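Remarks on the overall topology
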Amino acid sequence: MRRRRGIAPPCALALCLAMAAPAVAQDGFSIDYDRLFRDHAAALHSPAPGVEHLELPGPVIVERRAGQVRATDQSGWGAAGCALQRLLIAAAAVTACPALYTPEQRDRVAAQLLRGVDFFAENTVPPMSDSARRTAMMAALAATRARLALSCGPRDSEALAFASHIAEDRSWQRFARIFEQPRLPVTDPCP
C-alpha cells in the first residue's frame, strides 16, 4: 500500500456540481479481498478450519470465515473507509445546498473529500488509477445526494450542520490523523 504526500487542490464548487450530475449507480470504492488474501498468503493464519486471519499494518485485522470477510481498523483514529463515507455526506450537502455555506467551507469540504478519495484509492487492493478514483468519487457523490434528497430546509439540519462541522479546524485535524497512516481503507468501525 502506498501513500502520496499532500492534498489534491480543492475542487471548485462548479466543477463538483457539474461532475456530480447523472452518474453510474455502481460504487467504485471497493477492496478486492480475494486478491488481498492471495497477495498476503504467506502472512495468513488459520486458527480454525475454514477461517483465515490476516493482520495488516495500520493495524487492520481481516478475517475470512466461510466466504464472509470481516475487516476491522484498529488504529484508534477511525476507519478510513468510514471517514470517506462521512465526507461524501458532507460534500453531498454542500453541492446540494451551496448557498448555505461560505466559499471557504465549500473549498474545505471539497479538499477533505479529495484527500479521503486519494487515501482510499492509494491504499485499496488493487490501487485505483487517477481516472478510476475521480469516476468513483463522482458516482458516489451523486448516489449520496440522491439518497439524502436534501431540501436545504430546517428538516435537513443534521446533514447540513455536519457539512459545516467537516470544514472546521478541529475536524480538519481529525481527518488528517485518520489519513496520516497508510492502511487498508475498511469501513469498520463506523459509529
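Everything in this summary refers to the structure shown in the same document. On a predicted model such as this, the values are computed, not experimentally measured, just so you know. Position numbers for residues count from 1 along each chain, tracking the sequence in the order it is written. The predicted origin of the model limits local features to residues at a pLDDT of at least 70 and limits the giving and counting of side-chain atom pairs to 80 or more, whereas totals for whole chains, interfaces and linings rest on all residues. Calculation of side-chain values draws on the structure's entire complement of heavy atoms; hydrogens and water are dropped beforehand.

1. So, the layout of surface pockets
- As defined here, a cavity is a set of points on a 1 Å grid over the protein atoms alone where a 1.4 Å probe fits but cannot get out. A pocket is an open set with protein on both sides within 12 Å along at least five of seven lines, and residues line them when an atom is within 4 Å of a point. Grid points are joined across faces, edges and corners, and a volume is the space filled by probe spheres set on the points. What the largest pocket holds in volume is close to 300 Å³.
- Every element with two or more residues in the lining of the largest pocket is listed here: α3 (80-96), α6 (157-166) and α7 (169-178).
- With five residues, the single largest contributor to the lining of the largest pocket is α7. Helix and strand definitions here come from DSSP, where helices need a minimum of 4 consecutive H or I residues and strands a minimum of 2 consecutive E residues; each element is numbered from the N-terminal end.

2. Describing the environment of L184
- Inspection of the secondary structure puts L184 in the segment after α7.
- Owing to a relative accessible area of 0%, L184 belongs among the buried residues under this scheme.
- In this structure the C-alpha to C-alpha distance between L184 and A79, which are 105 residues apart in sequence, comes to 8.8 Å. The classification of residues rests on relative accessible area computed with a 1.4 Å probe and restricted to protein chains. Under 20% of the type maximum is buried, over 50% is exposed, and intermediate values are partly exposed.

3. Details of the pairing of strand β1 (residues 51-56)
- Two strands pair when backbone bridges link them, and β1 and strand β2 (residues 60-65) are joined in this way by six bridges, in the antiparallel orientation. The residue of β2 that forms the bridge with L56 is V60. Paired strands are those between which DSSP finds at least two bridges.

4. Quick word on the sheet that holds β2
- Taking strand neighbours across the sheet as the criterion, the three strands line up as β1-β2-β3 in an open arrangement whose pairing is antiparallel. Lying at the two open borders of the sheet, with one neighbouring strand each, are β1 and β3 (68-73). Ignoring which end each strand starts from, the neighbouring axes of this sheet average 10 degrees apart. Axes, fitted as lines to C-alpha atoms, cover a helix only where it is in contact. Angles between the N-to-C directions of the axes lie from 0 to 180 degrees.

5. Section: the state of the cysteines
- Our working definition of a disulfide is a cysteine sulfur pair at a distance within 2.5 Å. Scanning all chains against the criterion turns up two disulfides.
- Disulfide pairing is shown between C82 and C190; the S-S distance is 2.0 Å. Negative torsions about the S-S bond denote left-handed disulfides, and the value of about 70 degrees found for C82 with C190 makes this one right-handed. Of this pair, C82 sits in helix α3 while C190 sits in the segment after α7; the two residues are 108 residues apart in sequence, bridging distant segments of the chain.
- Assessed through its relative accessible area of 4%, C82 is described here as buried.
- Sulfur-sulfur distance for the disulfide between C97 and C152 comes to 1.8 Å. The sign of the S-S torsion, about -90 degrees, decides the handedness of the disulfide formed by C97 and C152: left-handed. You can see C97 sitting in the loop between α3 and α4 (103-123) and its partner C152 sitting in the loop between α5 (130-148) and α6, a full 55 residues away along the chain.

6. Brief notes about the packing of α3 against α5
- At a minimum axis separation of 9 Å, α3 and α5 run at an interaxial angle of 70 degrees. Considering the angle they form, α3 stands roughly perpendicular to α5. The segment α3 lies against α5, with L88, I89, A91, A92, T95 and A96 engaging M137, A140, L141, T144, R145, R147 and L148.
- The residue classification treats Ala, Val, Leu, Ile, Met, Phe, Trp, Tyr, Cys and Pro as nonpolar and Asp, Glu, Lys and Arg as charged. All others, Gly included, are polar. Here the residues of the contact of α3 with α5 sort into nine nonpolar, two polar and two charged. What sets the label is the angle itself: under 35 degrees gives roughly parallel, over 145 gives roughly antiparallel, 65 to 115 gives roughly perpendicular, and the rest give oblique. Residue contacts follow a heavy-atom distance rule, with two residues in contact if any of their heavy atoms lie within 4.5 Å.

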